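# Examining the three-dimensional arrangement
These are the residues of each chain, in order.
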Amino acid sequence: MNTYQNPYMMFDGMTPEEFTFLQQATASLTETQQRYFLNIYGGKRKNPQDIMLVTLIGFLGVSGIQRFMTDQIGMGLLYFFTAGFCFIGTIIDLINYKDIATEYNKKMAFESFNIAKMSN
């Protein structure tokens, strides 16, 4: 019986693509650096379901919150002032919410990797 649990599976909404990316990205880190990476990445990572729920709020008149959450301030302002491009952009984001979260999480993984790599 295998009692080993992969530490990456503790994140909610983990996609196979993100799981593979994280394993490859952290393969060169020591065990201490990997733990440090997990702490940093866990605080920065966005759950795809959270992105979807915030995108749904865009239909209530507050469009663009999902873009603010993923550090796309310019797009967030544009969505806010144009009602999500008359809801067309909001509908597209609702369809692509997993891609938005994956793209953001990859950037945060790269940033977290660099911070963990500099630690001892």
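It should be noted that the structure appears before, not after, this text.
Predicted, not measured: the structure shown is a model, and the values here were computed from it.

## Quick look at the pattern of salt bridges
- Applying the stated criterion across every chain, the model contains five salt bridges.
- One salt bridge connects Lys44 with Glu111, and the closest N-O pair in it is separated by 2.3 Å. One end of the pair, Lys44, is in helix H2 (residues 31–44); the other, Glu111, is in helix H8 (residues 97–118), with 67 residues separating them in the sequence.
- Lys44 gets classed as partly exposed once you look at its relative accessible area, which sits at 21%.
- Close ionic contact of Arg67 with Asp93 constitutes a salt bridge, the shortest N to O distance being 2.7 Å. A residue pair is termed long-range when its members are at least 10 positions apart, and Arg67 in helix H4 (residues 65–69) and Asp93 in helix H7 (residues 88–95) qualify at 26 residues. No difference in accessibility class separates Arg67 from Asp93, as the two residues are buried.

## Observations concerning the packing of aromatic side chains
- For the structure shown, the criterion picks out five aromatic pairs.
- Ring plane angle 70 degrees and centroid distance 5.1 Å describe the contact between Tyr79 and Phe85, whose orientation is recorded as edge-to-face.
- Under the relative-accessibility criterion, Phe85 is labelled partly exposed at 34%.
- Among the aromatic residues, those joined into a cluster by ring pairs are Phe11, Phe37 and Tyr41.

Conventions used here
- Residues numbered from 1 in each chain as written.
- Predicted model: local features only at pLDDT ≥ 70, side-chain atom pairs only at ≥ 80, totals over all residues.
- Heavy atoms only, no water.
- Salt bridge = Lys/Arg side-chain N within 4 Å of Asp/Glu carboxyl O.
- Helix = DSSP H or I, 4+ residues; strand = E, 2+ residues; numbered from the N terminus.
- Buried < 20%, exposed > 50% of the residue type's maximum accessible area, 1.4 Å probe, protein only.
- Phe/Tyr/Trp six-rings, centres within 6.5 Å; stacked < 30°, edge-to-face > 60°.

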